[in-house]
Amino acid sequence: SSDVCSSDLFLVPNLVSGPTASLPVRQAISAALNRSFISKTVYGGNAPATNPMALLLPNYTSVLAPSLAGAKLPAGSAAQARQILTKAGYKLGSDGFFRTPSGHELTIQLQVIEPYTDYVQDSQIVQQELRAAGINLVLDAESGQQFNANQDSGKFQLLISNYGYTPNAYAYYYNMLESSLAPKKGSTDLTGNYGGYDNAQVDTALSTIASTNSAAAQKSAFSVIEQHFVQDLPLIPLFEQQNEQEFNGNVVTGYPTTGDPYASPAIY
């Protein structure tokens, strides 16, 4: 058998409009999440921890910024999340939910594909954890067709979805972060960066990686991307997703392994 980390599960925020365009809101959401509890409850503990850079490890170890080695996501603290929002000018109402600086209740709609029963369970736990932090998360379970239409056109506040499935760290980050891929008004985006992340320094770093064969220059550019990912939270990582396969080693050879994760053998 083979067990390869091929993707991360994310909460995907809209960075252009709505409540999740505010960095403190994204930081508070991340701080409130007890990711290990979700893994244990929904996946029997088989959804391993990811990292603040959302790097698929050990697959992308060669581009990991040394300064971020060992970096960990928050352990899950409602108090820490409330502190982040309070410092940013949000005020806790008598109903237990925060109000934005302009006085509106901090309500966020999370879209999830209804047939994905594990993602629905994940979302329900996230809803409970955010409620304790003073954030009113409303779940919108919908068909895959409707979800994809909303994702591709940027019509969402928060999505739960997964990205990865490539052995190439450049392709991984490019699809999630390159500003030219973001949904444009009146058109759809079928590639990535659904939340509309727009950072000139990250775009430049991606261009550098694509245009040089220098491993040192590429690693330096990856470091820039990873630092910005940690600071900006363009996506909120939840945990790694495993692809597990069983095969008869007498008749099957050349399959991806942890030592050679050259492809994502997703059996679906």
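No experiment lies behind these values; they were computed from the predicted model shown. (Residues numbered from 1 in each chain as written. Predicted model: local features only at pLDDT ≥ 70, side-chain atom pairs only at ≥ 80, totals over all residues. Heavy atoms only, no water.)

Enquirer: An account of the side chain of E129 is needed here, citing residue identities and associated values.
Expert: Locating E129 in the fold gives a position in helix 4 (residues 117–132). Buried within the structure, E129 lacks any salt-bridge partner; its nearest side chain of opposite charge belongs to R35, at an N-O separation of 7.6 Å. Setting aside its immediate chain neighbours within four residues, E129 contacts A32, L33, N34, F37 and I38. (Helix = DSSP H or I, 4+ residues; strand = E, 2+ residues; numbered from the N terminus. Buried < 20%, exposed > 50% of the residue type's maximum accessible area, 1.4 Å probe, protein only. Lys, Arg positive; Asp, Glu negative; His and termini not counted. Salt bridge = Lys/Arg side-chain N within 4 Å of Asp/Glu carboxyl O. Contact = heavy atoms within 4.5 Å.)

Enquirer: If you had to explain the packing of helix 7 (residues 200–211) against helix 8 (residues 215–232) to someone new, which residues and values would you point to?
Expert: A pair of packed helices can be characterised by two numbers: the angle between their axes and the separation between those axes. Two elements in contact, helix 7 and helix 8, have axes whose closest approach is 9 Å; the angle formed by their N-to-C orientations is 155°. Taken together, helix 7 and helix 8 sit at an angle that is classed as roughly antiparallel. In this structure, the crossing between helix 7 and helix 8 has a hand that is left-handed. For the pair helix 7 and helix 8, contact is made by Q201, V202, A205, L206, T208 and I209 and by A217, Q218, A221, F222, V224, I225 and H228, respectively. (Axes fitted to C-alpha atoms, helices over the stretch in contact; angles between N-to-C directions. Parallel < 35°, antiparallel > 145°, perpendicular 65-115°, else oblique. Left-handed = near helix turned anticlockwise from the far one by under 90°.)

Enquirer: Give me the pairing of strand 5 (residues 136–142): which residues, what numbers.
Expert: In the sheet, strand 4 (residues 107–113) pairs with strand 5 via seven bridges, with the strands oriented parallel. Within strand 5, the residue paired with I113 across the bridge is E142. The parallel pair strand 4 and strand 5, bridged by helix 4, forms a crossover whose chirality is right-handed. (Pairing = 2+ DSSP bridges. Right-handed = clockwise from strand over helix to strand, strands pointing away.)

Enquirer: Residue-level account of helix 4, with values.
Expert: With 16 residues, helix 4 extends 23 Å from end C-alpha to end C-alpha; this agrees with the ideal 22 Å at 1.5 Å per step. Looking at helix 4, one finds that the buried residues are Y119, V120, D122, S123, I125, V126, Q127, E129 and L130. (Expected span 1.5 Å × (residues − 1).)

Enquirer: Lay out the pairing of strand 6 (residues 158–164) in plain terms, naming residues and giving numbers.
Expert: Of all seven residues making up strand 6, six are buried, and the element is well covered by its neighbours. Alignment of strand 4 against strand 6, held across two bridges, turns out to be parallel. If you follow Q111 over to strand 6, its bridge partner there is L159.

Enquirer: Break down unusual backbone geometry for me, with residues and values.
Expert: For residues other than glycine, phi is negative in most cases, and the peptide bonds are mostly trans. Cis geometry is found at the peptide bond from L57 to P58, where omega equals 10°. As for its position among the elements, P58 is in the loop between helix 2 (35–43) and helix 3 (78–87). Look at A54: it is not a glycine, yet its phi comes out positive at around 60°. Relative to the helices and strands, A54 is located in the loop between helix 2 and helix 3. Positive phi is not limited to glycine here, since L233 has a value of about 45°. One can find L233 in the loop between helix 8 and strand 7 (236–245). Look at L233 and you get buried, because its relative accessible area is 9%.

Enquirer: I'd like a rundown of the pattern of salt bridges, residues and numbers included.
Expert: Per the counting criterion, the structure on display carries two salt bridges. Close ionic contact of D95 with R99 constitutes a salt bridge, the shortest N to O distance being 3.1 Å. The exposure class of D95 is partly exposed, given its relative accessible area of 38%. Accessibility expressed as a relative area gives 25% for R99, which makes it partly exposed. Its salt-bridge partner being R99, residue E105 comes within 3.9 Å of it at the nearest N-O pair. Through salt bridges with shared partners, one network takes in D95, R99 and E105.

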